[in-house]
Amino acid sequence: MTDSKSNTMWGGRFAAGPDAIMEAINASIGFDKRMAKQDIEGSRAHAAMLAAQGIVTDNDAKAIREGLLTVLSEIDSGAFEFKPALEDIHMNVEARLKDIIGEPAGRLHTARSRNDQVATDFKLWVREQIDAAAQGITALQQAFLAQAEAGADWVMPGFTHLQTAQPVTWGHHMLAYVEMLGRDASRFADARARMNESPLGAAALAGTSFNIDRDATAQALGFDRPAANSLDAVSDRDFALDFLSAAAICAMHLSRFAEELVIWSSAQFRFVTLSDRFSTGSSIMPQKKNPDAAELIRAKVARIMGANVALMMVMKGLPLTYSKDMQEDKEQVFDAADNLMLALAAMTGMVSDMTANRDALEQAAASGFSTATDLADWLVRSLDMPFRDAHHVTGSLVKVAEDKGCDLPDLSLAEMQSVHGAITADVFDVLGVQNSVRSRISYGGTAPDNVRAQIGRWKERLA
């Protein structure tokens, strides 16, 4: 017996004693109610199969299937009362179904377990999130493509170590993110294809003695096939880890561009102007326009990566098959999915609305000796100089320009010839940033014609 003194050790929240604590830790309805639609979809498919196999009557199956639609309508309207005492979405739905149709509701759970039921529900939910993520990625790619097309020949600095490296085009930079997002879409597609096996019918862990048709339920639910091993079917959460892994990499890509937006929108860079819709002001500094949306996107990857690690840690020590630990598989997946979709939508809005400052981009592209490599390449091509020698000569010319306080194109021919006498006036044809980007014609290079060709390829692919 638990006395009032011992109850106080649990704290005021659990004044009723250990039973209240057990209900609180055991119940999952607070979060798994998000899978109500998938739970009802799976149950309707299961009931139809049971009738087709002669395991339940057609009348019972009809009552179950229609009653489940009533339950779903109550959930959608907000009239449904979720009860923590019933633990999870499965028992809440089944209990309400019994209220509506009576005795036939008890036949629904024939030849299945909550173990294969929850695995099926969760797979269906994750599959829908993958499809939603794919749509969000496509929308963001199209926003980047619009920016790329508008500035296919605009010149900007390309960076390594955040130092000016070589001139590139704005369109080329935008297309880099289209490529990254394309890989993200591919990862989600791979995850979807790999996960698309139905656990339904695996029952608790060993299958069932009833003459069920797992191919029929798999087909009804849009799966490619039934999962081949009942033990694996109920204990597998690789599909959730695949989703989280793809989500984390995608969020990392969003974070990288968010970081660039934070830098580019600063007064020191002025490369882009973000719209008021995705910026905020300061409570004390009236001049401020803060890229808060970009900063928040930059932080989302931490939550999504954390969810990936958390689920990995849940699963790493579990023997086959089901353990209650696996109830902890959903909240972090739900949170990651919500934050990924929010980040994709916000980034799509920012990219669509942002305005690139062409003059500032070109001015920055011409600074920092960005055409030094073009000079070295010219020495190799025109003077048949070994590249290492050309690299040394170019470095010496950079030093001359640095001491003079100018850029390479501003040096006179005489000043260049003081470093290497064979240099001719033709060298000035390669030193301008426009000349530089036009010369980068190798496949995947930044030349404007290349950029336009890649824009066309992606438009066709996304169409």
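For the structure given in this document, a descriptive report is provided here. (Residues numbered from 1 in each chain as written. Predicted model: local features only at pLDDT ≥ 70, side-chain atom pairs only at ≥ 80, totals over all residues. Heavy atoms only, no water.)

## Considerations on helix α12 (residues 292-315)
Helical geometry note: an α-helix holds 3.6 residues per turn, so side chains three or four residues apart project in the same direction.
Phase 1: Relative to the 34 Å expected for 24 residues at 1.5 Å per residue, α12 spans 36 Å between its end C-alpha atoms, a close match to the ideal helical length.
Phase 2: Taken as a whole, α12 has its buried residues at A293, A294, I297, K300, V301, I304, A307, N308, L311, V314 and M315.
Phase 3: Where α12 is buried, its residues contact α10 (230-235), α11 (238-264) and α13 (331-353). (Helix = DSSP H or I, 4+ residues; strand = E, 2+ residues; numbered from the N terminus. Expected span 1.5 Å × (residues − 1). Buried < 20%, exposed > 50% of the residue type's maximum accessible area, 1.4 Å probe, protein only. Contact = heavy atoms within 4.5 Å.)

## Quick word on the packing of helix α5 (residues 58-77) against helix α6 (residues 89-101)
Phase 1: As a packed pair, α5 and α6 sit with axes 9 Å apart at the nearest point and diverge in direction by 115°. For the element pair α5 / α6, the angle class is roughly perpendicular. The interaxial crossing formed by α5 with α6 has right-handed handedness. For the pair α5 and α6, contact is made by A63, I64, G67, L68, T70, V71 and E74 and by V93, R96, L97, I100 and I101, respectively.
Phase 2: Here the residues of the contact of α5 with α6 sort into eight nonpolar, two polar and two charged. (Axes fitted to C-alpha atoms, helices over the stretch in contact; angles between N-to-C directions. Parallel < 35°, antiparallel > 145°, perpendicular 65-115°, else oblique. Left-handed = near helix turned anticlockwise from the far one by under 90°. Nonpolar A, V, L, I, M, F, W, Y, C, P; charged D, E, K, R; others polar.)

## Things to note about the environment of A299
Phase 1: For A299, the location among the structural elements is in helix α12.
Phase 2: Residue A299 is classed as partly exposed on the basis of its relative accessible area of 44%.
Phase 3: Between the alpha carbons of A299 and A258 there is a distance of 9.5 Å; along the sequence they are 41 residues apart.

## Section: the packing of aromatic side chains
Phase 1: For the coordinates displayed, the defined rule picks out 13 aromatic pairs.
Phase 2: One aromatic cluster is present, built from ring pairs that chain together F144, F159, W170, Y177, F257, W264, F269 and F271.
Phase 3: Positioned above the aromatic ring of F334, the side-chain terminus of R34 is 5.0 Å from the ring centre.
Phase 4: Here the basic side chain of R127 rests over the ring of F223, its NZ or CZ set 4.9 Å away from the ring centre. (Phe/Tyr/Trp six-rings, centres within 6.5 Å; stacked < 30°, edge-to-face > 60°. Lys NZ or Arg CZ within 6 Å of the ring centre and 35° of its normal.)

## Some words on the environment of A390
Phase 1: Counting through the fold element by element, A390 comes out in helix α16 (residues 387-404).
Phase 2: Judged by its relative accessible area of 0%, A390 is buried.
Phase 3: In this structure the C-alpha to C-alpha distance between A390 and L379, which are 11 residues apart in sequence, comes to 5.8 Å.
Phase 4: Residue contacts for A390: discarding those within four places in its chain leaves A376, L379, V380 and M385.

## Some details on the pattern of salt bridges
Phase 1: Tallied over the full model, the rule gives 25 salt bridges.
Phase 2: Residues R225 and E197 are paired through a salt bridge, measuring 3.3 Å at the closest nitrogen-oxygen approach. Taken together, the residues span a long stretch of sequence, with R225 in strand β4 (residues 225-226) and E197 in strand β3 (residues 197-198) at a distance of 28 residues.
Phase 3: A relative accessible area of 25% means that E197 is categorised as partly exposed.
Phase 4: A salt bridge links K399 to D403, with the nearest nitrogen and oxygen atoms 2.9 Å apart. (Salt bridge = Lys/Arg side-chain N within 4 Å of Asp/Glu carboxyl O.)

## Thoughts on the pairing of strand β1 (residues 155-160)
Phase 1: Bridge count between β1 and strand β2 (residues 163-169): six bridges; the pairing is antiparallel. Bridged to T160 within β2 is Q163.
Phase 2: Hairpin connection of β1 to β2: two residues between the antiparallel strands, including H161 at a positive phi of 60°. (Pairing = 2+ DSSP bridges.)

## Description of the nonpolar core
Phase 1: Counting 78 residues, the largest nonpolar core has W170, F188, F257, L261, W264 and M347 as its most contacted members.
Phase 2: Those elements giving two or more residues to this core turn out to be α7 (114-150), α8 (170-195), α11, α12, α13, α14 (358-365) and α20 (448-462).
Phase 3: Looking at this core element by element, the count peaks at 17 residues for α11.
Phase 4: Aside from chain neighbours lying at most four places away, what touches F257 is F144, M174, Y177, W264, M347, V351 and M354.
Phase 5: In terms of nonpolar packing, the next biggest core, distinct from the first, is built from 20 residues, L375, L379, V398 and V427 among them. (Core = buried A, V, L, I, M, F, W, Y, C linked by side-chain atoms within 4.5 Å.)

## What about the packing of α7 against α13?
Helix packing for two helices is described by the angle between their axes and how far apart those axes are.
Phase 1: Between α7 and α13, the shortest axis-to-axis distance is 9 Å and the interhelical angle comes to 15°. Viewed along their axes, α7 and α13 adopt a mutual orientation that is roughly parallel. Every pair of crossing elements has a handedness; the one defined by α7 and α13 is left-handed.

## Regarding a nonpolar patch on the surface
Phase 1: Together, M305, V309, M312 and M313 make up an exposed nonpolar region whose accessible area comes to about 360 Å².
Phase 2: Along the chain, the position of M312 falls in helix α12. (Patch = residues over 30% accessible without salt bridge, like charges linked within 9 Å, V, L, I, M, F, W, Y side chains within 5 Å. Areas by Shrake-Rupley, 256 points an atom, 1.4 Å probe, with all protein chains shown as cover.)

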